[in-house]
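Chain residues, written in single-letter form:
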Amino acid sequence: MQKTGNIQKMHVTLDGENARYQLPIGNDLIDMNALMERTISLKFNGKIICSNCGALTRKSYAQGFCYSCCQNLARCDLCIMRPETCHHHLGTCRESAWGLENCFTPHIVYLALSSGVKVGITRKNNTPSRWIDQGAIAALPILEVDTRLKSGKIEHALKTHVNDKTNWRKMLKNEVEQANLVAVKKQLLPKVFELSTNLDATTLNDEVLKINYPVVEYPSKIVSLNFDKTPEIKGALQGIKGQYLLLDCGVINIRKFSSYNITLTLK
Ligand SMILES: [Zn+2]
C-alpha cells in the first residue's frame, strides 16, 4: 500500500474504552490501529500546503497554516490558547462569526490524567477527542458553562491549585502519576465555588472516562523525530498515544506536521 497527500492531525474516536486512530492523507483516511506492529515509511515530499487557503508555505504555522492565515484566523489567535483573554465582547475578534459558532457554545472544565492530574477546558462537542489528543488515560468533566470565556476564567482560577500542562515525555513513556480524579474534584470545587456560581456553571456527575491506547510497547527513552530534519521516517509501529506515532526508531507528533505532503508506504 502506498498513499500520498497532505496529512492532518489524526481523527480519533473511542470504541468502548479503546482509542481508535485514522490518519487523513489527501482524501483518504488510513486506519492506523490496523498498522500496529507493521513497518511503515513516512516520507516528506518537501511541500507544505496551507490547510486554509491552499497556498504553498515554507513553514507550517499554528499546525498547518501559512503565515498570512495564521495572522488572520481567529482559531490561531492567542485567546484560543488563553481562553480567559477572549476579546469578542470588544468587537476585536478576528472572525466574529467563527467566534460565535465556536466560543459561544457549551464548554467543559475537566480534569484529566495525562502525565499527572491536569485541568483543561474544551468545547463540549469536542469530547472525548480532546482527551485522546492529549494522551490522557482518564478524564472527568467537572463543570459546564455556556461560553469559552467562562470556562477559561474557571480554568485560570484552578491553575493555581493544579497543573494545566502535560509532560509529553512522561505521557509517552506511560509514566503517569496516579490520582483519584473524583477526590481531586472534591478538593478543587470549593476553591472556585464563588466564581462558578457567578458564571452559572453546572456541576457535572462523577463519571470518569477511561481511555486505552493501541500500544504494544512504550518507549523507555524518547527520541523525537522531525520531518524537517529526517525527511524519511521508517520503522515498526509500536503504538499510538495522543497525536504521536510510537515507532521503534522514535516518536513523531503528527499534529505538528499538519499540512505536510507525505507518502505513506506499508513495507
Ligand atoms: Zn493560508
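Up top is the structure these notes are about.
Residue numbering note: each chain is counted from 1, following its sequence as written. The predicted origin of the model limits local features to residues at a pLDDT of at least 70 and limits the giving and counting of side-chain atom pairs to 80 or more, whereas totals for whole chains, interfaces and linings rest on all residues. Working from all heavy atoms in the structure, the side-chain values ignore hydrogens and water.

Q: Help me understand the environment of threonine 265 in this model?
A: When you line up the elements, threonine 265 lands in strand β14 (residues 260-266). Exposed residues in this analysis have more than 50% of their type's maximum accessible area, buried residues have under 20%, and partly exposed residues fall in between, with area computed by a 1.4 Å probe over protein chains only. Judged by its relative accessible area of 16%, threonine 265 falls in the buried class. When the C-alpha atoms of threonine 265 and serine 41 are compared, they prove to be 5.1 Å apart, with 224 residues separating the residues in sequence. Not counting residues up to four positions away in its chain, the partners in contact with threonine 265 are Met1, Gln2, Thr39, Ile40 and Ser41. N or O atoms closer than or at 3.5 Å make up a polar contact, with two conditions inside protein: a donor-capable atom paired with an acceptor-capable one, and, for residues adjacent in sequence, both atoms drawn from side chains. Within the local environment of threonine 265, its side chain forms a polar contact with the side chain of glutamine 2, the two groups lying 3.0 Å apart. Each helix is a run of DSSP H or I of at least 4 residues and each strand a run of E of at least 2, with the numbering of both proceeding from the N terminus. We call two residues in contact when some of their heavy atoms are within 4.5 Å.

Q: Would you mind showing me how to read the pairing of strand β13 (residues 250-253) here?
A: Regular strands show a simple pattern: their side chains alternate between the two faces of the sheet. Of the two faces of β13, the one holding Gly250 and Ile252 and the one holding Val251 and Asn253 are both buried throughout. Relative to β13, strand β12 (residues 244-247) runs antiparallel, the two sharing four bridges. Looking at the pairing, tyrosine 244 lines up with asparagine 253 of β13. Taking the residues between adjacent antiparallel strands as the criterion, β12 and β13 are bridged by two residues. Paired strands, in this sense, are two strands between which DSSP finds at least two bridges.

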